[in-house]
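What follows is the residue order along each chain.
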Amino acid sequence: MSDKIPEGNRSARERLAQQRERDKGREKRRRTLIVSSAVVGVLALTAVIGLIAANVGKDGDDTASGPAITPSGATGEASLTLPVGAPDAPSTLTIWEDFRCPVCAQFENAFRDTITELVEAGRLKVDYHLATIIDGNLGGKGSLRAANAAACAQDVGKFAPYHDVLFRNQPPEPDDAFAKNSRLIELAGEVKGLDTPEFRSCVEEGTHDSWVQKSDTAFREGGFQGTPTALLNGESIFPKKGDEQISVENLKKWVMEANKGKKPGTATPSAAPAS
């Protein structure tokens with residue numbers, strides 16, 4: 001019996017190998033397109049930031065009154081930071097986001113898994129800050145309503161998973177679907193244990209509206225160029241860090257370089273008390 005592969009079998013195997021290579025190429029191009037889209041989007045947003053800044057807050061000035069009620073577990077200057085990860089992690093990623101911002105959703109969808117991996121390994125903690133620039137630019141209240149709901153989720157230690165659900169289900173930018181409390185409560189059903197009477201009351205009453213507006217004011221006064229703004233240990237990394245464009249590989253590399261010689265964080269974040 002010959003040990004040679006029959007011609008028909010060899011051709012089939014060659015076609016299979018070629019198909020696998022094509023599949024790998026398509027997946028690589030898909031990932032590159034996701035990141036590239038985010039980069040292009042943020043540059044486009046930067047081009048119109050003057051218009052955005054001029055309109056920020058117009059729609060929200062009369063929607064909240066009274067003192068700013070800080071979400072449980074908020075930290076940082078003026079208690080405007082929603083922290084995720086071990087407090088003693090050696091590096092900090094500071095992110096400013098708007099739940100209606102399409103580029104923010106592109107950023108989250110491209111880098112969510114990588115950021116989660118680094119957080120869970122104790123190499124990174126994330127300080128989230130919320131802004132409402134799309135409300136000011138396009139009108140509506142979806143940015144404010146979604147940010148308030150996210151703060152309500154923070155009250156019961158569910159900010160991170162609810163934050164991810166909101167960005168995965170973000171409506172088209174002109175569609176102010178997040179202005180409907182019913183939609184925000186519906187999405188809370190995707191986070192185990194979040195859809196409670198207390199959460200619903202917090203969302204419907206706009207408990208943290210004034211706090212959200214305080215956070216948005218800090219964003220506008222901070223001199224940032226748009227959302228998302230991402231800072232690694234205070235240095236801007238989006239859409240690039242120095243001369244290097246952001247990518248999954250570069251983000252990991254930058255964190256590893258920043259953490260060289262430092263131990264991963266091990267501290268457990270303080271649990272937010274239930275409402």
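Residues numbered from 1 in each chain as written. Predicted model: local features only at pLDDT ≥ 70, side-chain atom pairs only at ≥ 80, totals over all residues. Heavy atoms only, no water.

**Student:** Residues and numbers for the overall build of the protein, please.
**Tutor:** Of regular secondary structure, the protein possesses ten helices and seven strands. Sequence separation of at least 24 residues holds for 78% of the intrachain contacts in the protein that already meet a minimum separation of 6. Of the roughly 14100 Å² that the protein leaves accessible, carbon and sulfur atoms contribute 51%. (Helix = DSSP H or I, 4+ residues; strand = E, 2+ residues; numbered from the N terminus. Contact = heavy atoms within 4.5 Å. Areas by Shrake-Rupley, 256 points an atom, 1.4 Å probe, with all protein chains shown as cover.)

**Student:** Account for the side chain of Thr94, naming residues and giving values.
**Tutor:** Relative to the helices and strands, Thr94 is located in strand β2 (residues 92–97). Look at Thr94 and you get buried, because its relative accessible area is 16%. In contact with Thr94, not counting residues within four places along its chain, are Asp127, His129, Thr229, Ala230 and Leu231. (Buried < 20%, exposed > 50% of the residue type's maximum accessible area, 1.4 Å probe, protein only.)

**Student:** How would you explain the state of the cysteines if you had to name every residue and give the values?
**Tutor:** Tallied over the full model, the rule gives one disulfide. The partner cysteine of Cys152 in its disulfide is Cys202, sulfur to sulfur 2.1 Å. An S-S torsion of about -85 degrees defines the bridge between Cys152 and Cys202 as left-handed. You can see Cys152 sitting in helix α5 (residues 142–155) and its partner Cys202 sitting in helix α8 (residues 197–205), a full 50 residues away along the chain. With relative accessibility at 7%, the residue Cys202 sits in the buried group. (Disulfide = S-S within 2.5 Å.)

**Student:** So what's going on with the sheet that holds strand β5 (residues 235–236)? Residues and values would help.
**Tutor:** Strands pair in a sheet through their backbones, by hydrogen bonds, and they do so in one of two ways: parallel or antiparallel. Strand order across the open sheet formed by five strands is β1-β3-β2-β4-β5, with mixed pairing between neighbours. Two strands close off the open sheet at either side, each with one partner strand: β1 (82–84) and β5. Sheet topology places β2 next to strand β4 (residues 229–232); four bridges connect them, and they run antiparallel. Pairing of Trp96 across the sheet is with Thr229, part of β4. Along the sheet, helix α6 (residues 159–168) makes contact with β1, β2 and β3 (125–130), crossing β1 at roughly 100 degrees. (Pairing = 2+ DSSP bridges. Axes fitted to C-alpha atoms, helices over the stretch in contact; angles between N-to-C directions.)

**Student:** Can you explain the confidence of the model for the protein? Please cite residues and give values.
**Tutor:** When pLDDT is averaged along the protein, the result is 84; 74% of the residues meet or exceed 70. Under a pLDDT of 50 for its full length, residues 38–62 has, in the predicted model, 38 contacts with residues more than four places off or in other chains. (pLDDT = per-residue confidence, 0-100.)

**Student:** Summarise helix α7 (residues 181–188); cite the residues concerned and give the values.
**Tutor:** When α7 is considered as a whole, its buried residues turn out to be Asn181, Leu184, Ile185, Leu187 and Ala188. Down the axis of α7, the sector holding all buried residues measures 160 degrees, keeping them to one side. Set apart from the buried face of α7 by more than 90 degrees, the exposed residues are Ser182 and Glu186. Along its buried surface, α7 packs onto α5, α6 and α8. (Arc of directions from axis to C-beta.)

**Student:** Provide a residue-level description of α8, including the pertinent values.
**Tutor:** In an α-helix, one turn spans 3.6 residues, which is why side chains three or four residues apart end up on the same side. Within α8, burial applies to Phe199, Cys202 and Val203. Buried residues along α8 cover an arc of 95 degrees about the axis, so they all sit on one side. Exposed residues lying more than 90 degrees from the buried face of α8 are Pro197, Glu204 and Glu205. Residues of α8 that are buried make contact with α5, α6 and α7.

**Student:** Account for the pairing of β3, naming residues and giving values.
**Tutor:** Most of β3 sits out of view: six of its six residues are buried. Side chains Lys125, Asp127 and His129 project from β3 onto one buried face, and the interleaved Val126, Tyr128 and Leu130 project onto a second face that is buried too. Alignment of β1 against β3, held across three bridges, turns out to be antiparallel. Considered in β3, the bridge of Pro83 is made with Asp127. After leaving β2, the chain enters helix α3 (residues 102–120) and then returns to the sheet as β3, a path that is right-handed. (Right-handed = clockwise from strand over helix to strand, strands pointing away.)

**Student:** Before we move on, can you summarise the packing of α3 against α6 with the specific residues and values?
**Tutor:** Running from amino to carboxyl end, α3 crosses α6 at an angle of 120 degrees, the nearest separation of the two axes being 9 Å. Classified by the interaxial angle, the pair formed by α3 and α6 is oblique. Judged by the twist between their axes, the crossing of α3 over α6 is left-handed. For the pair formed by α3 and α6, the contact residues are Cys104, Ala105, Glu108 and Arg112 on the first element and His163, Asp164, Phe167 and Arg168 on the second. Residues of the contact of α3 with α6, tallied by class, amount to three nonpolar, one polar and four charged. (Parallel < 35°, antiparallel > 145°, perpendicular 65-115°, else oblique. Left-handed = near helix turned anticlockwise from the far one by under 90°. Nonpolar A, V, L, I, M, F, W, Y, C, P; charged D, E, K, R; others polar.)

**Student:** Quick one: what's the story with the packing of α3 against helix α10 (residues 248–258), residue by residue and with numbers?
**Tutor:** Between α3 and α10, the shortest axis-to-axis distance is 10 Å and the interhelical angle comes to 25 degrees. In terms of orientation, α3 and α10 fall into the roughly parallel class. Relative to α10, α3 is oriented so that their crossing is right-handed. When α3 is examined against α10, the residues Ala110, Phe111, Thr114, Ile115, Glu117 and Leu118 are found in contact with a partner set consisting of Val248, Leu251, Lys252, Val255 and Met256. Partitioning the contact of α3 with α10 into residue classes produces eight nonpolar, one polar and two charged.

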